[in-house]
Amino acid sequence: MGWLIVELRSTVRTVARRPALFAAAAISMALGLGITSVLFSVVDTLFLRPPADVRVPSELAEFYFWQPGAPSASPLASVPMYDLLRDRVPGLSGLAGYTTKPVIMGRGEAAREINAQFVTSNYFAVLGTPSVFGRYFQEDEERPASASVIVLSYALWKSAFQAARDVLGKTVYIGDRAFTVVGVAPAGFNGLDRARIATWLPIGAASGLIDKSALTSSTLYWIGIVGRLSRVSAQEVARKATLALRSAQQLGAQLGNLRVTLRPVLEAESPSRSSGTRLAIWLSGAAFMVLLIACANIANLMLVRVLNRAQQLAIRAALGASTVQLVSGVVLEVAVVACLAELST
């Protein structure tokens, strides 16, 4: 092993003599690794990682609605559409509605904008999400007159209430309305939204915070609908949902040609690649190309270095140095570049 120590000392001296070359190689590798890591992290967070604290997310599917002439299917529906699908479409073990809106929490100088999710009372049950403590919403709290309760995210509970266990029953102001805290969601839970959700409100609260006709208008499309599949396929549920909406007299004639499709919440599992999945593939390809370019740059720099050392390597070989010894010197130089790149990222 004595020769290896000699090679290591020689590599250290070489790096000290040519700091610019090795710094350029290390910076190139660090940039490639950093950009690749960021892109892959974005892809993993947005498209590949299943939602946190959601039970068996592969059973969940989101409803999309397509009208002739529309450029694409829309994930938004009206509350009367949700009510009709919940009552008339069998084969689902649960159906829930939700939407995310920015709201103002607090009063005066302490007021700040947060993301709130307006949800039906069974939203957490459909997702299979337990509470840290307290409870979620009850069915009668969907009515506007009773929608005065709120569920906090774990992060908001820690930042605004210092993780106090006596937070239940305390008052939180959203806009000009007072809401009573009834529960805290698990850490990292954002429902089916990729945005960071700070709090959850009953869907009935939307009539006072979003639009007075939010719960009754059949032409105000503002909620997403998610269902948990149980006994039948997504295609069969979509067919029954399409027939139910087309035959609904109370929703008006505008739904006469509507078609419903279901897409898995885990987009990457969808048999027909969605726009989100295509974007994930594109970003992954971009990350791979960045890493490939960085590797090519480093390879070129090290190749120039080896070519410059060709005479030195030939002399060492003539003096009896083995192939392993000659190669180990080059490998050690590459290892030094990798260590410098790791330290700089």
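Remember, it's a predicted structure, so these values are computed and weren't measured experimentally. Per-chain numbering applies: the sequence of each chain, read as written, is numbered from 1 onward. In keeping with the predicted nature of the model, local features appear solely for residues at pLDDT of at least 70, side-chain atom pairs appear and are counted solely at 80 or more, and the whole-chain, interface and lining totals rest on all residues. Hydrogens and water are ignored here; the side-chain numbers use all heavy atoms of the structure.

### Focus: the overall build of the chain
Here comes step 1: Of regular secondary structure, the chain possesses ten helices and ten strands.
Here comes step 2: Counting across all 345 residues of the chain, residues that qualify as buried make up 42%.
Here comes step 3: Pairs at least 24 apart in sequence give 73% of the contacts found in the chain among residues at least 6 apart.
Here comes step 4: Calculation of accessible area relied on Shrake-Rupley with a 1.4 Å probe; when residues are assessed, cover is drawn exclusively from the protein chains displayed. A total of about 17,700 Å² of accessible surface is found on the chain, and carbon and sulfur atoms cover 60% of it. Each helix corresponds to a stretch of at least 4 residues labelled H or I by DSSP, and each strand to a stretch of at least 2 residues labelled E; elements are numbered beginning at the N terminus. Only protein chains enter the accessibility calculation, which uses a 1.4 Å probe; a residue is then buried when its area is under 20% of its type maximum, exposed when over 50%, and partly exposed in between. Any two residues whose heavy atoms approach within 4.5 Å are treated as being in contact.

### A few points about the pairing of strand β8 (residues 199-202)
Here comes step 1: Burial of β8 is two-sided: the residues Thr199 and Leu201 facing one way and the residues Trp200 and Pro202 facing the other way are all buried.
Here comes step 2: Any two strands are treated as partners once DSSP identifies two or more bridges connecting them. Taken together, the two bridges between strand β5 (residues 149-152) and β8 define a ladder with antiparallel strand orientation. Bridge pairing in β8 links Val151 to Trp200.

### Re the nonpolar core
Here comes step 1: One finds Phe63, Phe65, Leu85, Ile174, Trp222 and Leu262 to be the most contacted residues of the largest nonpolar core, which totals 52 residues.
Here comes step 2: Dropping the residues within four chain positions of it, Leu85 is found in contact with Phe63, Phe65, Leu95, Ile225, Ala241 and Leu245.
Here comes step 3: Nonpolar cores are built from buried Ala, Val, Leu, Ile, Met, Phe, Trp, Tyr and Cys residues. Side-chain atoms within 4.5 Å join them into one set. In terms of nonpolar packing, the next biggest core, distinct from the first, is built from 21 residues, Tyr98, Phe137, Leu192 and Val265 among them.

### Here we look at a nonpolar patch on the surface
Here comes step 1: Candidates for patches are residues over 30% relative accessible area with no salt bridge; among them, like charges are joined within 9 Å and nonpolar side chains (Val, Leu, Ile, Met, Phe, Trp, Tyr) within 5 Å. A side-chain nitrogen of Lys or Arg and a carboxyl oxygen of Asp or Glu constitute a salt bridge if their distance falls within 4 Å. Side chains of Ile27, Leu31 and Ile35 sit close together on the surface and give an oily, nonpolar patch of about 290 Å² of accessible area.
Here comes step 2: Relative to the helices and strands, Ile35 resides in helix α2 (residues 19-48).
Here comes step 3: For Ile35, a relative accessible area of 41% corresponds to the partly exposed category.

### A closer look at the side chain of Glu141
Here comes step 1: By secondary structure assignment, the location of Glu141 is in the loop between β4 (133-134) and β5.
Here comes step 2: Among the polar contacts made by the side chain of Glu141, one reaches the side chain of Arg135 at a distance of 2.8 Å.
Here comes step 3: The term polar contact refers here to a pair of N or O atoms within 3.5 Å; inside protein, the definition further demands a hydrogen-donor-capable atom paired with an acceptor-capable atom, and it admits residues adjacent in sequence only when both atoms are side-chain atoms. Here Gln138 takes part through its backbone nitrogen, which lies 2.9 Å from a polar atom of the side chain of Glu141.
Here comes step 4: Setting aside residues no more than four positions away along its own chain, Glu141 makes contact with Arg135, Tyr136, Ser146, Ala147, Val149 and Pro202.

### So, the pairing of strand β1 (residues 60-66)
Here comes step 1: Counting buried positions over the seven residues of β1 gives six, a clear majority of the element.
Here comes step 2: Note: β1 against strand β9 (residues 224-229), three bridges, orientation antiparallel. Its bridge partner being in β9, Ala61 is matched across the sheet by Gly227.
Here comes step 3: Looking at chain direction, β1 and strand β10 (residues 259-264) are connected through six bridges and run antiparallel. Each residue of the ladder has a partner; that of Tyr64, found in β10, is Thr261.

### Considerations on helix α7 (residues 234-246)
Within an α-helix, residues lying three or four positions from one another point in the same direction, as the helix has 3.6 residues per turn.
Here comes step 1: The end-to-end C-alpha distance of α7, which contains 13 residues, comes to 18 Å, matching closely the 18 Å that a straight helix rising 1.5 Å per residue would cover.
Here comes step 2: Elements in contact with the buried residues of α7: β1, α3 (79-88), β2 (92-105), β9 and β10. Expected span of a helix: the number of residues minus one, times 1.5 Å.

### What to know about the pattern of salt bridges
Here comes step 1: Evaluated as defined, the whole model comprises six salt bridges.
Here comes step 2: In this structure, the salt-bridge partner of Asp87 is Arg86, at a minimum N-O distance of 3.2 Å.
Here comes step 3: Exposure remark for Arg86: the relative accessible area of 37% places this residue in the partly exposed category.
Here comes step 4: With its nearest N and O atoms 2.7 Å apart, the salt bridge here joins Glu236 to Arg239. Residue Glu236 and its partner Arg239 are both found in helix α7; the two are separated by three residues, about one turn of the helix.
Here comes step 5: Judged by its relative accessible area of 43%, Arg239 falls in the partly exposed class.

### Description of the environment of Ala294
Here comes step 1: One can find Ala294 in helix α8 (residues 275-308).
Here comes step 2: Ala294 sits 265 residues away from Met29 along the chain, and the two C-alpha atoms are 5.7 Å apart.

### Side note on the environment of Ala24
Here comes step 1: Position of Ala24 among the secondary structure elements: in helix α2.
Here comes step 2: Distance from Ala24 to Leu301, taken between C-alpha atoms, is 8.6 Å for residues 277 residues apart in sequence.

### Observations concerning the confidence of the model for the chain
Here comes step 1: Along the chain, pLDDT gives the predictor's confidence residue by residue, from 0 to 100. Confidence along the chain averages 83 in pLDDT terms, with 85% of residues attaining 70 or more.
Here comes step 2: Taken element by element, the chain is modelled with least confidence in helix α1 (residues 2-17), mean pLDDT 66, and with most confidence in β5, mean pLDDT 97.
Here comes step 3: A low-confidence stretch, residues 268-274 (pLDDT under 50), is modelled with eight contacts involving residues beyond four sequence positions or located in other chains.

### Comments concerning unusual backbone geometry
Here comes step 1: The phi angle at Asp53 is positive, at roughly 60°, despite the residue not being glycine.
Here comes step 2: Counting through the fold element by element, Asp53 comes out in the loop between α2 and β1.
Here comes step 3: Within the chain, Ala163 stands out as a residue other than glycine whose phi angle is a positive 55°.
Here comes step 4: Of note, Ala163 is situated in the loop between α5 (154-161) and β6 (171-174).

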